[in-house]
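Each chain, written out:
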Amino acid sequence: QVELVESGGGSVQAGGSLRLSCLASRSIYGSYVGWFRQAPGKEREGLACIKPSGRTGYDNPAKGRFTISQDKSKNTLYLQMNNLRPEDTAMYYCATGGTSCLTASDYQYWGQGTQVTVSS
């Protein structure tokens, strides 16, 4: 069992920035960790991951604007989001226990999410 808790969401104007955090109760050896988002009526989409090798991966909406990082000593995952757009409005989730980078169904453990709302 792994408990994940996201924080750092909120409301921001277009062009603004937010930094999301995800605190995990423990790490899982050899797994991918990632950030996902889901807007009402839409599928959950992968944004960014850290692979077991330590390399990062990004989907197109996040590439160039979002940065994933981690502090292993604190079991904490981060997502720095810059130049936010209204279409970024969604519930944001962190996940671990992954066997791939950006496929939600390949992750085992999920947080409950933190809401991000971007206004124009």
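It should be noted that the structure appears before, not after, this text.
Quick summary incoming for the structure in this document. (Residues numbered from 1 in each chain as written. Predicted model: local features only at pLDDT ≥ 70, side-chain atom pairs only at ≥ 80, totals over all residues. Heavy atoms only, no water.)

### Looking at the state of the cysteines
Link 1 in the chain: For the coordinates displayed, the defined rule picks out two disulfides.
Link 2 in the chain: Across the disulfide, Cys22 is cross-linked to Cys94 (sulfur-sulfur distance 2.0 Å). On the sign convention where negative means left-handed, the S-S torsion of about 65 degrees between Cys22 and Cys94 marks this disulfide as right-handed. With Cys22 in strand 3 (residues 18-24) and Cys94 in strand 9 (residues 90-98), this pair connects stretches of sequence that are 72 residues apart. Neither residue differs from the other here; Cys22 and Cys94 are each classed as buried.
Link 3 in the chain: The side chain of Cys49 participates in a disulfide bridge whose partner is Cys101; the two sulfur atoms lie 2.0 Å from each other. On the sign convention where negative is left-handed, the bridge of Cys49 and Cys101, at about -105 degrees about the S-S bond, is left-handed. Of this pair, Cys49 sits in strand 5 (residues 45-50) while Cys101 sits in the loop between strand 9 and strand 10 (109-110), and the two are 52 residues apart along the sequence. Each member of the pair Cys49 and Cys101 is classed as buried.
Link 4 in the chain: Sequence-ordered numbering of the bonded cysteines in the protein chain gives a pairing of 1-3, 2-4. (Disulfide = S-S within 2.5 Å. Helix = DSSP H or I, 4+ residues; strand = E, 2+ residues; numbered from the N terminus. Buried < 20%, exposed > 50% of the residue type's maximum accessible area, 1.4 Å probe, protein only.)

### Quick word on the environment of Arg44
Link 1 in the chain: By the secondary structure assignment, Arg44 is in the loop between strand 4 (32-38) and strand 5.
Link 2 in the chain: Along the primary structure Arg44 and Thr103 are separated by 59 residues, whereas in three dimensions their C-alpha atoms are 9.0 Å apart.
Link 3 in the chain: Residue contacts for Arg44: discarding those within four places in its chain leaves Phe36, Arg37, Gln38, Tyr93, Ala104 and Trp110.
Link 4 in the chain: Of note is the side chain of Arg44, whose polar atom sits 3.1 Å from the side chain of Gln38. (Contact = heavy atoms within 4.5 Å. Polar contact = N/O pair within 3.5 Å; in protein donor to acceptor, adjacent residues only side chain to side chain.)

### Let's talk about the layout of surface pockets
Link 1 in the chain: The computed volume of the largest pocket comes to approximately 380 Å³.
Link 2 in the chain: For the largest pocket, the lining is made up of 23 residues, of which Ser27, Ile28, Val33, Gln70 and Lys72 are closest to its centre.
Link 3 in the chain: Listed by contribution, the elements that provide at least two residues to the lining of the largest pocket are strand 3, strand 7 (66-71), strand 8 (76-81) and strand 9.
Link 4 in the chain: Among the elements that take part in the lining of the largest pocket, strand 9 stands out by supplying three residues, more than any other.
Link 5 in the chain: When grouped by side-chain class, the residues that make up the lining of the largest pocket number eleven nonpolar, eight polar and four charged. (1 Å grid on protein atoms, 1.4 Å probe; cavity = no way out; pocket = protein on both sides within 12 Å on 5 of 7 lines; lining within 4 Å. Points joined across faces, edges and corners; volume = space filled by probe spheres on them. Nonpolar A, V, L, I, M, F, W, Y, C, P; charged D, E, K, R; others polar.)

### With respect to the side chain of Ser21
Link 1 in the chain: Residue position: Ser21 is located in strand 3.
Link 2 in the chain: Residue Ser21 is classed as buried on the basis of its relative accessible area of 19%.
Link 3 in the chain: Setting aside its immediate chain neighbours within four residues, Ser21 contacts Val5, Glu6, Ser7, Trp35, Leu77 and Tyr78.

### Some words on the packing of aromatic side chains
Link 1 in the chain: Evaluated as defined, the whole model comprises four aromatic pairs.
Link 2 in the chain: Ring geometry for Phe36 and Tyr107: centres 5.0 Å apart, planes at 75 degrees, overall edge-to-face. With Phe36 in strand 4 and Tyr107 in the loop between strand 9 and strand 10, this residue pair connects regions lying 71 residues apart in the sequence.
Link 3 in the chain: Taking the relative accessible area as the measure of exposure, Phe36 reaches 0% and is therefore buried.
Link 4 in the chain: Between Tyr93 and Trp110, the aromatic rings sit 6.4 Å apart at their centres with planes inclined by 80 degrees, giving edge-to-face as the arrangement. Taken as a pair, Tyr93 in strand 9 and Trp110 in strand 10 lie far apart in primary sequence, 17 residues in all. (Phe/Tyr/Trp six-rings, centres within 6.5 Å; stacked < 30°, edge-to-face > 60°.)

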